[in-house]
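Notes for the structure review
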Amino acid sequence: MRKIIHIDMDYFYAQVEEKENPELADKPVAIGGSDQKRGVISTCNYIARSYGIHSAMPTAIAIRKCPELIILPPSMAKYKQVSQQIRDVFYSVTSLVEPLSLDEAYLDVTEVKAQSNSATLIAKSIKADILLKTGLTGSAGVAPNKLLAKIASDINKPNGLYVINPSDIKAFIHDLSVKKLFGVGKVTQQKLNKLGIEYCYQLQSLSQEELINYFGKFGKSLYSYCRGVDNRPVNPERIRRSISVENTYIDDLKTYEECLAKLPELYSRLMIRITGGFSNSVSGIFVKITDSKFNKHSVERQTHRYSIDGFKFLLKDIYNKQQYPIRLLGLGVRLNDLPTLQLELDLDI
Ligand code: DCP
Ligand code: MG
Ligand code: MG
């Protein structure tokens, strides 16, 4: 049995700003692009969340919900610096660290001798150490695998800790909503709901064959996940070398024109991702798709510049090679050697 910790900082960008400027702490604060530039909210503090504001919401709507909202532009260099301090804390515990974004990581602490080898005590000491080094709070989940550790870290946010012991798994997973499972986004969730499935215990009644039939290769993972089983190792090598955005469409895209019509929205989301002066480091662009049979394809071109026309060109290329309608469309840029970046996790597989 492994011991996995997932740590995720609370309202990360906004908390960094609050720490620097404590006057913000009792006001609704968001980080994001300006409403004049059709910007979106990256994140906001918990006071702002009480107004219904959340990540990826257009800034204009956020202001409508809370006219006194303080909106700050993102300072990526600052957040990366804090992220490095957090990672230093992780690496002081183990080298088995898999960063997922600037503010979160998985740690495999199975073999860690400190704190009497108690993953709960290790998680507490990591949280305390992060607070000491950065003045910021994060939330931790402790479980026998990545799937459960990540779900757990979200449960008592902010400044939370939640432990799922091996003997708790069965009861924990039974009533868990399927939308909490890794890889289940809006579209998969809708598909499951149409089958009358909302909770994991209902998903457990489907055979592996049925799930593969409905969801392709992902069906096999779903079969395990809805039982609280996840054998994915903590992968310390993982360095993110691309930034991408994607969307899964409720109705498959059947013509090139339909695909083309989705391009501006994806492109503008990609541009928002590429903040913080990474544009000099781009080494290529790519378009990826998943078709209605769950086959994945991508096409790529080496270039230091990107424009919507470049993506149009690749889209045409991939569309022409395509036999089936398209359920997922994604755009991305390859980066030269860069540290891990926050990716939009639009998790429909
Ligand atoms: N982020 C972003 N755009 C998104 C989601 C997140 O730019 N759509 C950035 C801002 C967040 C940071 O990534 O501060 C970390 O993302 P999280 O999902 O962990 O969200 P927060 O840390 O802000 O809040 P929470 O307390 O819910 O973890
Ligand atoms: Mg966070
Ligand atoms: Mg996070």
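Residues numbered from 1 in each chain as written. Chains lettered and ligands numbered in written order. Predicted model: local features only at pLDDT ≥ 70, side-chain atom pairs only at ≥ 80, totals over all residues. Heavy atoms only, no water.

Bringing the overall build of the protein chain into the picture now. When you go through the protein chain residue by residue, the secondary structure sums to 13 helices and 12 strands. Along the first, second and third principal axes, the C-alpha atoms of the protein chain reach 60 × 50 × 40 Å. Classification of the 349 residues of the protein chain by burial places 46% in the buried group. Within the protein chain, contacts between residues at least 6 apart in sequence are counted, and of these 65% link residues at least 24 apart. Of note, the protein chain has its 46 positive side-chain charges centred 2 Å away from the centre of its 38 negative side-chain charges. (Helix = DSSP H or I, 4+ residues; strand = E, 2+ residues; numbered from the N terminus. Buried < 20%, exposed > 50% of the residue type's maximum accessible area, 1.4 Å probe, protein only. Contact = heavy atoms within 4.5 Å. Lys, Arg positive; Asp, Glu negative; His and termini not counted. Charge placed at Lys NZ, Arg CZ, Asp CG, Glu CD.)

Six octahedral donors around a metal ideally make angles of 90 or 180 degrees; four tetrahedral donors ideally make 109.5 degrees. Surrounding the magnesium ion (ligand 2) are the protein donor atoms D8 (OD), M9 (O) and D103 (OD), which sit 2.0 to 2.2 Å from the metal. In this structure, the magnesium ion (ligand 2) is surrounded by 6 donor atoms whose angles at the metal cover 78 to 176°, and the resulting shape is octahedral. If you list the donors of the magnesium ion (ligand 2) from N- to C-terminus, the spacing comes out as D-M-x93-D. Between the magnesium ion (ligand 2) and the magnesium ion (ligand 3) the interatomic distance amounts to 3.5 Å, and D8 serves as a bridging ligand to the pair. An identical accessibility class is assigned to D8 and M9; each is buried. (Donors = N, O, S within 2.8 Å, 3.2 Å for Na, K, Ca; no water. Tetrahedral: all angles 85-135°; square planar, octahedral: opposite > 155°, others 65-115°.)

Attention now goes to the sheet that holds strand β1 (residues 4-9). In space, the 5 strands of this open sheet follow the order β5-β6-β1-β7-β8, with mixed pairing throughout. Looking at strand neighbours, the two that pair on one side only are β5 (97-101) and β8 (161-163), the edges of this open sheet. Strand-to-strand twist across the sheet, computed as the mean angle between neighbouring axes with direction ignored, equals 15°. Where β1 meets strand β7 (residues 138-143), 6 bridges bridge the pair, whose relative direction is antiparallel. If you follow I7 over to β7, its bridge partner there is A140. Along the sheet, helix α5 (residues 119-134) contacts β1, β6 (104-108), β7 and β8; its crossing angle with β1, the most-contacted strand, is approximately 25°. (Pairing = 2+ DSSP bridges. Axes fitted to C-alpha atoms, helices over the stretch in contact; angles between N-to-C directions.)

Looking now at the pattern of salt bridges. Summed over the entire model, instances satisfying the criterion amount to 14 salt bridges. With a shortest N-O distance of 2.7 Å, E104 and K150 are connected by a salt bridge. Linking E104 in strand β6 with K150 in helix α6 (residues 146-153), this pair joins segments that are 46 residues apart in sequence. Taking the shortest distance from any N to any O, the salt bridge between K312 and D309 comes out at 3.8 Å. Of the two residues, K312 and D309 are both situated in helix α13 (residues 308-320); the distance of 3 residues between them amounts to about one turn of the helix. (Salt bridge = Lys/Arg side-chain N within 4 Å of Asp/Glu carboxyl O.)

Attention now goes to the coordination of the magnesium ion (ligand 3). Protein coordination at the magnesium ion (ligand 3): the donors are D8 (OD), D103 (OD) and E104 (OE), at 2.2 to 2.3 Å from the metal. For the magnesium ion (ligand 3), all donor residues lie on one chain, and their spacing in sequence is D-x94-D-E.

As a further point, take the packing of aromatic side chains. For the structure shown, the criterion picks out 10 aromatic pairs. Between Y162 and F172 the ring centres are 6.2 Å apart and the planes differ by 45°, which places this aromatic pair in the tilted class. Of this pair, Y162 sits in strand β8 while F172 sits in helix α7 (residues 169-174), and the two are 10 residues apart along the sequence. Y162 gets classed as partly exposed once you look at its relative accessible area, which sits at 28%. Accessibility expressed as a relative area gives 15% for F172, which makes it buried. (Phe/Tyr/Trp six-rings, centres within 6.5 Å; stacked < 30°, edge-to-face > 60°.)

Once that is clear, we can look at the site of ligand 1. Of all residues adjacent to ligand 1, which total 15 residues, the nearest are D8, Y11, T43, Y46 and R49. Within the contact set of ligand 1, an oxygen atom lies 2.8 Å away from a backbone nitrogen or oxygen of Y11. R49 places a side-chain nitrogen or oxygen 2.8 Å from an oxygen atom of ligand 1. Here ligand 1, which alone exposes 550 Å², has 83% of that area covered by the protein. Looking at the shell around ligand 1, the elements that each hand over two or more residues are β1, α1 (12-20), β3 (41-44) and α2 (46-49). When its residues are assigned to classes, the shell around ligand 1 shows 5 nonpolar, 4 polar and 6 charged. (Near = heavy atom within 4 Å. Polar contact = N/O pair within 3.5 Å; in protein donor to acceptor, adjacent residues only side chain to side chain. Areas by Shrake-Rupley, 256 points an atom, 1.4 Å probe, with all protein chains shown as cover. Nonpolar A, V, L, I, M, F, W, Y, C, P; charged D, E, K, R; others polar.)

Time to look at the sheet that holds strand β2 (residues 29-32). Spatial ordering of the open sheet is given by β3-β2-β4, a layout of 3 strands whose pairing is mixed. The open sheet has two free edges, formed respectively by β3 and β4 (70-72), since each of these has just one partner strand. Strand after strand, the sheet turns through a mean of 30° between neighbouring axes, direction not considered. Pairing of β2 with β4 involves 3 bridges; the strand directions are parallel. Looking at the pairing, V29 lines up with I70 of β4. Contacts from α1 reach β2, β3 and β4, with the element oriented near 60° to β3.

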